[in-house]
Amino acid sequence: MSATDPAVPRTYRVRTFGCQMNVHDSERLSGLLEESGYLPAADGAVADVVVFNTCAVRENADNRLYGNLGQLYPVKRAHPGMQIAVGGCLAQKDRGEIVRKAPWVDVVFGTHNVGSLPTLLERARIADEAQVEIRESLETFPSTLPTRRESAYAAWVAISVGCNNTCTFCIVPSLRGREQDRRPGDVLAEIEALVAEGAIEVTLLGQNVNSYGVGFGDRGAFAKLLRACGEIDGLERVRFTSPHPRDFTDDVVEAMATTQNVMPHLHMPLQSGSDAVLRAMRRSYRKARYLGIVEKVRAALPEAAISTDVIVGFPGETEEDFAETMDVVRRARFSGAFTFQYSTRPGTPAADMPGQVPPDVVADRYGRLVALVDEIAWDENKRFVGRELELLVTEGDGRKDDRTRRLSGRAPDNRLVHFTPGAPVRPGDVVTVRVTHAAPHHLVADGEPLGVRPTRAGDAWERRNAAPGSTSGVPLGMPRVPVG
Ligand code: SF4
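Just so we're clear, the structure is a prediction, and the values are computed from it rather than from any experiment.

Here is what the cut-offs are and how they apply
- Residues numbered from 1 in each chain as written.
- Predicted model: local features only at pLDDT ≥ 70, side-chain atom pairs only at ≥ 80, totals over all residues.
- Heavy atoms only, no water.
- Near = heavy atom within 4 Å.
- Nonpolar A, V, L, I, M, F, W, Y, C, P; charged D, E, K, R; others polar.
- Helix = DSSP H or I, 4+ residues; strand = E, 2+ residues; numbered from the N terminus.
- Expected span 1.5 Å × (residues − 1).
- Buried < 20%, exposed > 50% of the residue type's maximum accessible area, 1.4 Å probe, protein only.
- Arc of directions from axis to C-beta.
- pLDDT = per-residue confidence, 0-100.
- Contact = heavy atoms within 4.5 Å.
- Axes fitted to C-alpha atoms, helices over the stretch in contact; angles between N-to-C directions.
- Parallel < 35°, antiparallel > 145°, perpendicular 65-115°, else oblique.
- Pairing = 2+ DSSP bridges.
- Salt bridge = Lys/Arg side-chain N within 4 Å of Asp/Glu carboxyl O.

Colleague: What's the story with the site of the ligand in this structure? I'm lost.
Modeller: Taken together, Cys-163, Asn-165, Cys-167, Phe-169, Cys-170, Val-172, Pro-173, Gln-207, His-244 and Arg-283 make up all the residues around the ligand. For the shell around the ligand, the class distribution of residues is six nonpolar, three polar and one charged.

Written out as structure tokens, the structure reads:
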């Protein structure tokens, strides 16, 4: 902490809540601060600047933010010059209310003016007064902002921001605005630059990637973008999130099936299997269409893994409606699902809908849904026992309680595999393993890997982690010896 000595660079910490879009925005907040001379605060150290990048989706999102701000109040009192900033969806929604409730907050900025953070921090410091700046629409596409990527080998690439849909449980459109698409050339240039820096995997990011191109009048733009990614040398894996069943077109299925580096994994939110509930959610598709897409994807990519998002207990949901959801889960045979108990989201149409389902009924349905999803995911995973899989070695996927020093990686279909490294491997390298057993949420490959392929991404990871002060530049699987 060096709040008072101008000669000592100030340090920062970004706390991220919510979705991948927020994770990517936080990479930009870190990039902006580092470009302004800040350094990441060391683990456990008090940072000069703490930034909360907030989410507004969950009912208790507010409680969580004000809880964290409350904990920071005494820390700030003990560290004069420390600054606190709040951004993201909750800031866009609550605006000046945040400073009224927590007057020790210095800066509040929104989802449309991420780039303003360093200036607002400086202005608050000089004026010794809180700065609240919220924009109603995007000034510049955030991809032009400096970015401190979390990973050296895999990267998020935003292709659009905002959303034109109006799902009744969702607050995103009112906080992130209508969809704005990046030009394909900009997206591809960013990907080529990332590959040149060492990345071998990218995830194309948007609230609804299937409507990409609506902004510049090309309904086939997303399929074309996937194909164009197939032309980029050195790019081994392409993923995307989130697709929307209403706009999911056959040309995207074809592009997935015929573009070698587009991975055979589709995470397509279902939300509900009941047409009545889908109508009340204003999801603009029905059960038959969803299952039709699953069928087409499975026909074109028999090995594809399909995962999803499901909400149970949406207002008005009956036991028959819930049975429809369970029916889709049985027929789609998902490799996994993010499952949510519906909770009232202030500011959304669904919050005021009649027929709010009692919490115990929601919890009961939730339990039955999770049990079925896990049963099917495990069954599907058992098909892989004895098979060879090529994994991208990852960081942060490991099991905390694992004393076997197993490492982790992702298969092309995004399945998580824990394996025992024989030879030294680094995150970003590629290993080939034989699966020895299956669990509901992961696979295990014990025994020596069948092959290790060091990659440019592994080199990039090693370069980044071998930087002065980092102790983790040593290939994983070997005893760690502190550097220097
Ligand atoms: S598609 Fe629906 S759920 Fe997804 S961001 Fe848009 S409005 Fe929200």
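Colleague: Just checking my understanding: could you explain helix α7 (residues 184-197) for this structure?
Modeller: The terminal C-alpha atoms of α7 lie 20 Å apart, and with 14 residues this matches the ideal 20 Å at 1.5 Å per residue to within 8%. Of all the positions in α7, only Val-187, Leu-188, Glu-190, Ile-191, Leu-194 and Val-195 are classed as buried. On an axial view of α7, the arc spanned by its buried residues comes to 160°, and they lie on one face. Away from its buried face, by an angle of more than 90 degrees, α7 presents the exposed residues Ala-196 and Glu-197. Positioned one or two residues after α7, Gly-198 has a phi angle of 125°, which is positive.

Colleague: Would you take a moment to explain the confidence of the model for the protein for this structure?
Modeller: For residues with low pLDDT, the predicted coordinates do not support detailed interpretation. When pLDDT is averaged along the protein, the result is 92, and 93% of the positions lie at 70 or above. In this model residues 471-484 is a low-confidence stretch, pLDDT under 50, and it forms 27 contacts with partners more than four residues away in sequence or in other chains.

Colleague: When you look at the packing of helix α11 (residues 287-300) against helix α12 (residues 319-332) in this model, what are you seeing that I'm missing?
Modeller: The packing of two helices is summarised by the inter-axis angle and the distance between the axes. Between α11 and α12, whose axes approach to 11 Å, the crossing angle comes to 10°. As the angle between them shows, α11 and α12 are arranged roughly parallel. Between α11 and α12, the residues in contact are Lys-287, Tyr-290, Leu-291, Val-294 and Arg-298 and Glu-324, Asp-327, Val-328, Arg-331 and Ala-332, respectively. Of the residues in the contact of α11 with α12, the class split is five nonpolar, no polar and five charged.

Colleague: Would you take a moment to explain the sheet that holds strand β19 (residues 437-438) for this structure?
Modeller: Remark on secondary structure: sheet strands pair via backbone hydrogen bonds, oriented parallel or antiparallel. Pairing within the open sheet is mixed, and its seven strands lie in the order β19-β20-β17-β16-β15-β18-β21. Each end of this open sheet is capped by a strand with a single partner; those strands are β19 and β21 (451-453). Across three bridges, the pairing between strand β18 (residues 430-434) and β21 is antiparallel. Bridging from a neighbouring strand, Val-431 pairs with Val-452 of β21.

Colleague: Where do I start with the pattern of salt bridges in this structure?
Modeller: A pair can form between side chains of opposite charge whenever their charged atoms are brought close. Under the criterion given, the structure shown has 36 salt bridges. With a closest N to O distance of 3.0 Å, Glu-324 and Lys-287 form a salt bridge. Placement of Glu-324 in helix α12 and of Lys-287 in helix α11 is noted, with a sequence separation of 37 residues between them. Classification of Glu-324 as partly exposed rests on a relative accessible area of 31%.

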